[in-house]
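# Fold and geometry: a report
This is what each chain is made of:
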Amino acid sequence: MQMKKQNVARVFFALWPEELVQRALHTLAMEYQSRCDARAMNADTLHMTLLFLGEVERAYLPQLIQSASKVSVPSFGFALERLSFWQHNRIAYAAPLLEIPALNQLVTALQQELIAAGFPFENYEFNPHVTLLRRVGHTLESQTIPPIMWWVDSFVLVESVLTDTGVIYQILQKWPLSPMEN
Ligand code: ATP
Ligand code: MG
């Protein structure tokens, strides 16, 4: 029997969409669900992962939160403009068409603070996406979608909690970004 690990938390940093963005993303997911023979993510689970840490000892969470508090980048906006598919994990996701320098800057700042504090994480390439569909049975060509505009004025630390009915996400902390520079 696998012991439930209560001294560790499975955590990641993310952008959490405000209600209008969440609704637009969920509507898109519902539109493609049957065409793709897939399962749409629940509206309240939709997010963009910035940095996945995995298991962190709970005792270190305050330090993690303190490190992330040092991130200071301005607010920014971007658009999700395409729907694409990954075969290897059978998901469909919404993504930007272009590089978003301000988004990369946020991720880099976060990585730097975590490195400075000695938090280990896998240094995979950041690939901005919002998973919309799981268990895709029928993938389509990558396609452009009516742009979903997302104004980013905060980021969050989330715990991924495995329950009997699946994974739920709990926001542990939220940080505002600084007001936009002129
Ligand atoms: P499940 O794994 O049960 O299907 P999930 O993928 O939603 O559920 P987690 O595995 O805890 O839950 O992942 C939380 C977030 O972190 C998701 O956005 C996921 O895509 C991302 N993530 C998970 N593992 C990694 C990883 N090794 N590298 C990068 N991102 C990851
Ligand atoms: Mg997973």
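In this text the structure is predicted, and so the values were computed from the model without any measurement.

Turning next to the pattern of salt bridges. One pass over the full model with this rule turns up two salt bridges. A salt bridge links Arg 23 to Glu 19, with the nearest nitrogen and oxygen atoms 2.7 Å apart. Taken together, the residues span about one helical turn, with Arg 23 and Glu 19 both in helix α1 (residues 19-33) at a distance of four residues. Judged by its relative accessible area of 52%, Glu 19 falls in the exposed class. Residue Arg 58 is joined to Glu 159 by a salt bridge in which the shortest nitrogen-to-oxygen separation is 2.8 Å. Here Glu 159 lies in strand β8 (residues 154-163) and Arg 58 lies in the loop between β3 (48-57) and α2 (61-68), a separation of 101 residues in the sequence.

Moving on to the nonpolar core. Within the largest apolar cluster, 54 residues are counted, with the highest numbers of intra-cluster contacts made by Phe 13, Leu 15, Leu 50, Leu 132, Leu 133 and Phe 155. Looking at this core, the element that brings in the most residues is helix α3 (residues 101-116), giving six residues. In terms of nonpolar packing, the next biggest core, distinct from the first, is built from five residues, Phe 12, Ala 14, Trp 16 and Val 156 among them.

Buried residues dominate strand β5 (residues 91-95), accounting for five of its five residues. Burial along β5 is two-sided: Ile 91, Tyr 93 and Ala 95 and Ala 92 and Ala 94, pointing in opposite directions, are all buried. In terms of strand pairing, strand β4 (residues 76-86) meets β5 through five bridges, oriented antiparallel. Within the sheet, the bridge partner assigned to Arg 82 lies in β5 and is Ala 95. Linking two consecutive strands that pair antiparallel, namely β4 and β5, is a turn of four residues; a positive phi of about 55 degrees is found at Arg 90 within it. As defined by bridge partners, β5 adjoins strand β6 (residues 130-134) across three bridges and the pair is classed as antiparallel. Each bridged residue has a counterpart across the sheet, and for Tyr 93 the counterpart in β6 is Thr 131.

Reading the values: rules and limits
Residues numbered from 1 in each chain as written. Chains lettered and ligands numbered in written order. Predicted model: local features only at pLDDT ≥ 70, side-chain atom pairs only at ≥ 80, totals over all residues. Heavy atoms only, no water. Salt bridge = Lys/Arg side-chain N within 4 Å of Asp/Glu carboxyl O. Helix = DSSP H or I, 4+ residues; strand = E, 2+ residues; numbered from the N terminus. Buried < 20%, exposed > 50% of the residue type's maximum accessible area, 1.4 Å probe, protein only. Core = buried A, V, L, I, M, F, W, Y, C linked by side-chain atoms within 4.5 Å. Pairing = 2+ DSSP bridges.

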